[in-house]
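Structural characterization, general
Read off the chains here:
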Amino acid sequence: LSVCSRTVEPLEYYRRFLKENCRPDGRELGEFRTTTVNIGKCLCSITTADGSALVKLGNTTVICGVKAELAAPAADSANKGYIVPNVELPSLCAERFRSGPPGEEAQAASQFIADVIENSQMIVKEDLCIANGKLAWVLYCDIICLDYDGNLLDASVFALLAALKNVQLPLVTINEETGLSEVNLKQKNPLIIRKHPVATSFAVFDDTLLIVDPTAEEEDLATGTVTIVTDEEGRLCSVHKPGGSPLTGAKLQDCITRAITRHKEVKKLIDKVIKSITPK
């Protein structure tokens, strides 16, 4: 298969591979790219973060830094803290992105992450409350794409989960006499992570064929994409399908089954890395 046909007729070029049940990068249709995760102190680039992680999914590279700050709870939810996710797609990560205010794709990804946090109940906002109506934690979760080659959502959810697993919050109490908060940096506790959501994305080719973990080129040629988010109990937390080809119930069920298998792989990877950096 010549390089010329890939440039002139990329879709036909892809179809010839897909007929043989493989892809131009050598992967099978249901095969993920090599996935790696680094957590915490190994990331000298975000030393100011309270938790951080870097995830690579093939060439797609995403970093997540979590910063914890203290604030007063909102009047209508006096016993809850806040989680504020933000996805950035800077111009340096791919030619398709421009510098300036967040574009449509970055905004959609930020909203997707906010929905995953809410729907999965990975962190219960009540757990972030320190003193009812007086003080709560705000977790600013900044997810920055350093290199974009498709499947941003899987990498972002993975980086977020890994970074949150790395957060240690100091003990905060309110002095009864002065009414001021006192922070004990010597006594830190990990965040309570109640669920571990993992995203698995698929590209749909020619309305019927599903391929997992699409590259940027595959996303561009696809007739649709779908992202399935599951937790460790195999519970469906979210189905994100931004338009494109409709999926039959059977195809969707196939995606969910594959997503549950992928969840086990990702969870095992995170657990292994956390075990390796936990002091004996």
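The structure presented is a predicted model; accordingly, all values stated were derived computationally and were not measured.

Another aspect to go through is the pairing of strand S7 (residues 168–174). Where S7 and strand S8 (residues 181–190) come together, seven bridges link them in antiparallel fashion. By the bridge assignment, Gln168 is partnered in S8 with Pro190. Where S7 folds back on S8, the antiparallel hairpin that results is connected by six residues, among which Gly179 adopts a positive phi of roughly 75°.

On to the sheet that holds strand S10 (residues 209–212), then. Each strand in a sheet pairs with its neighbour through backbone hydrogen bonds, running either in the same direction (parallel) or in the opposite one (antiparallel). An order of S10-S9-S11-S12 is seen for the four strands of this open sheet, with the pairing classed as antiparallel. Here the strands that pair on one side only, and so sit at the sheet edges, are S10 and strand S12 (236–240). Within this sheet the neighbouring strands show an average axis-to-axis angle of 25°, counted without direction. Of the strand pairs in this sheet, strand S9 (residues 198–205) and strand S11 (residues 224–230) are connected by seven bridges, and their pairing is antiparallel. Within S11, the position partnered with Ala199 by the bridge is Val229. Here helix H3 (residues 104–120) sits on the sheet in contact with S11 and S12, set at roughly 155° to S12. The sheet contacts of helix H4 (residues 152–165) involve S9, S11 and S12, and relative to S9 the element is tilted by about 175°.

Calculation notes
Residues numbered from 1 in each chain as written. Predicted model: local features only at pLDDT ≥ 70, side-chain atom pairs only at ≥ 80, totals over all residues. Heavy atoms only, no water. Pairing = 2+ DSSP bridges. Helix = DSSP H or I, 4+ residues; strand = E, 2+ residues; numbered from the N terminus. Axes fitted to C-alpha atoms, helices over the stretch in contact; angles between N-to-C directions. Contact = heavy atoms within 4.5 Å.

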